[in-house]
Amino acid sequence: MSLKKRITAMFAPEPAPEPAPAKNTELFALFEFGDGGEFDYEAYRAAQVTKAQSDTGDVWADPKTLDVIADYARAKIPNLSFLLCHGSKAGMESRHLAERLGCEGIGTDISPPQAAQGVVEWDFHEKNDEWKGRASLVYTNALDHAYDPKKAIDAWVDQLAPEGLIFIEHTMLHAPEGSSASDPFGAHPLIMPYLILDWGQGKYCVRDVIKPEHKKPHWKPVEGERPDTDLDIWVFVIARNA
């Protein structure tokens with residue numbers, strides 16, 4: 001059974017005893033690339049590259065949220081020495097966190113812009129022997145770019161140092177209604193801990209949920225209203241199980 005079908009079955013609502021008006025009860029979405037059940041990686045990659053090239057000047061990460069994560073990490077993670085930020089575009093978040101925590105930081109992106117600093121070209125679904133067991137901290141706000149979120153998190157757990165933590169930033173723009181070819185994965189924040197518990201299969205789970213007091217700001221001046229500001233923020237903290 002496919003990942004999408006498994007998760008849909010987990011959270012499928014009970015059938016109504018009598019016909020009733022249709023309601024939007026979808027809590028999970030995963031855009032499927034290809035026909036007939038065959039995954040088309042090149043179609044996925046092309047959608048990601050097109051998206052990256054269209055918004056090179058935009059950054060989802062913001063200093064206020066990153067500072068909350070840095071403070072939490074400093075209090076919870078001993079011997080911070082190396083961090084990874086996946087889906088980092090030009091590398092703003094990896095540089096900011098590394099500076100705040102006084103450690104080495106690398107960003108990854110499937111199609112980093114020319115202006116990227118400290119970012120390597122990498123598909124975050126894939127494991128990397130150079131990073132295996134090294135990262136004190138792994139951060140992303142781009143799990144919605146995953147064609148297989150379980151595979152991505154499995155790779156990030158493989159990168160964790162023994163007491164390392166993964167931080168996944170999530171908002172309602174990461175929910176199912178935001179799912180598309182460029183943002184294949186969407187999940188309501190309320191079910192994220194359960195999805196991660198299921199994906200972890202006893203190996204990892206959500207250890208904590210950080211709920212910053214501020215709403216989602218934007219990192220640069222904004223004229224008028226934007227759909228990516230004034231949102232509630234959830235940061236899911238993932239750890240290996242002992």
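Bear in mind the structure is a predicted one, so any value in this text is a computation, not a measurement. (Residues numbered from 1 in each chain as written. Predicted model: local features only at pLDDT ≥ 70, side-chain atom pairs only at ≥ 80, totals over all residues. Heavy atoms only, no water.)

Undergrad: Any chance you could explain the packing of aromatic side chains here in plain terms?
TA: Any aromatic ring pair is given by two values, namely how distant the centres are and how the planes are angled relative to each other. Enumeration over the complete set of coordinates arrives at 13 aromatic pairs. Aromatic side chains phenylalanine 33 and tyrosine 44 sit 5.6 Å apart centroid to centroid with 80° between the ring planes, which places their arrangement in the edge-to-face category. Here tyrosine 44 lies in helix 2 (residues 41-54) and phenylalanine 33 lies in the loop between strand 1 (28-30) and helix 2, a separation of 11 residues in the sequence. Here the two residues phenylalanine 33 and tyrosine 44 agree in accessibility, since each one is buried. Among the aromatic side chains, those forming a connected cluster through ring pairs are Phe31, Phe33, Phe39, Tyr41, Tyr44 and Tyr147. Between arginine 134 and the ring centre of phenylalanine 82, over which it is positioned, the NZ or CZ distance is 3.9 Å. Note that lysine 211 overlies the ring of tryptophan 234, its terminal NZ or CZ placed 4.7 Å from the centroid. (Phe/Tyr/Trp six-rings, centres within 6.5 Å; stacked < 30°, edge-to-face > 60°. Helix = DSSP H or I, 4+ residues; strand = E, 2+ residues; numbered from the N terminus. Buried < 20%, exposed > 50% of the residue type's maximum accessible area, 1.4 Å probe, protein only. Lys NZ or Arg CZ within 6 Å of the ring centre and 35° of its normal.)

Undergrad: Help me out: how do you make sense of the pairing of strand 9 (residues 234-240) in this one?
TA: Looking along a regular strand, one sees the side chains alternate between the two faces of the sheet. For strand 9, a buried count of six out of seven residues is recorded, marking the element as mostly surrounded by other parts of the structure. In this sheet, strand 9 lies alongside strand 6 (residues 160-170) in antiparallel orientation, the contact comprising five bridges. When the sheet's bridge partners are listed, histidine 170 is paired in strand 9 with tryptophan 234. As paired strands, strand 8 (residues 204-210) and strand 9 are joined by six bridges and run antiparallel to one another. The partner of cysteine 205 across the bridge, within strand 9, is alanine 239. (Pairing = 2+ DSSP bridges.)

Undergrad: Honestly, the pattern of salt bridges in this entry has me stumped. Any pointers?
TA: Any two side chains of opposite charge can pair, so long as their charged atoms come close to each other. The tally for this structure, following the rule as stated, stands at 12 salt bridges. With its nearest N and O atoms 2.5 Å apart, the salt bridge here joins aspartate 67 to arginine 100. Highlighted residues: aspartate 67 in helix 3 (residues 63-76) and arginine 100 in helix 4 (residues 92-101), separated in sequence by 33 residues. Members of the salt-bridge network, linked through shared partners, are Asp67, Asp71, Arg74 and Arg100. (Salt bridge = Lys/Arg side-chain N within 4 Å of Asp/Glu carboxyl O.)

Undergrad: How do you make sense of helix 6 (residues 192-200) when you look at a structure like this?
TA: For the α-helix, the turn length of 3.6 residues means that residues three or four positions removed from each other point alike. Among all positions of helix 6, only Met192, Leu195, Ile196, Trp199 and Gly200 are buried. Each buried residue of helix 6 sits inside an arc of 130° when the element is viewed along its axis, so together they form one side. Glutamine 201, located one to two residues past helix 6, shows a positive phi value of around 50°. (Arc of directions from axis to C-beta.)

Undergrad: Before we go on, may I ask you to explain the packing of helix 3 against helix 4 in this structure?
TA: Each pair of packed helices can be summarised by the angle the axes make with each other and by the distance between the axes. Orientation of helix 3 relative to helix 4, taken along the N-to-C sense of each, is 40°, at an axis distance of 10 Å. Overall, the two elements helix 3 and helix 4 adopt an arrangement that is oblique. Helix 3 and helix 4 meet at a crossing whose hand is right-handed. Contact residues: Pro63, Leu66, Asp67, Ile69, Ala70, Asp71, Ala73 and Arg74 in helix 3; Met92, Glu93, His96, Leu97, Arg100 and Leu101 in helix 4. Classifying every residue of the contact of helix 3 with helix 4 by side-chain character gives eight nonpolar, one polar and five charged. (Axes fitted to C-alpha atoms, helices over the stretch in contact; angles between N-to-C directions. Parallel < 35°, antiparallel > 145°, perpendicular 65-115°, else oblique. Left-handed = near helix turned anticlockwise from the far one by under 90°. Contact = heavy atoms within 4.5 Å. Nonpolar A, V, L, I, M, F, W, Y, C, P; charged D, E, K, R; others polar.)

Undergrad: Please clarify how unusual backbone geometry should be interpreted in this entry.
TA: Among all residues save glycine, negative phi is the norm, and among peptide bonds the norm is trans. If you check the backbone angles, lysine 89 has positive phi at about 50° while not being a glycine. Positive phi outside glycine occurs at glutamine 201, with the angle close to 50°. Relative to the helices and strands, glutamine 201 is located in the loop between helix 6 and strand 8. Among the residues examined, glutamine 201 registers a relative accessible area of 53% and is labelled exposed.

Undergrad: Can you walk me through the environment of valine 235 in this structure?
TA: Mapping valine 235 onto the fold places it in strand 9. Setting aside anything within four residues of it in sequence, one finds valine 235 in contact with Thr65, Ile69, Phe167, Ile168, Glu169, Asp208, Val209 and Ile210.

Undergrad: What should I look at first to understand the state of the cysteines in this one?
TA: Defined simply, a disulfide is a covalent bond joining two cysteines at their sulfur atoms. Within this structure, the stated rule accounts for zero disulfides. Among the cysteines around cysteine 85, which has no disulfide bond, cysteine 103 carries the closest sulfur, lying 9.2 Å off. Overall, cysteine 85 belongs to the buried group, its relative accessible area being 0%. When its relative accessible area of 13% is taken as the criterion, cysteine 103 is described as buried. (Disulfide = S-S within 2.5 Å.)

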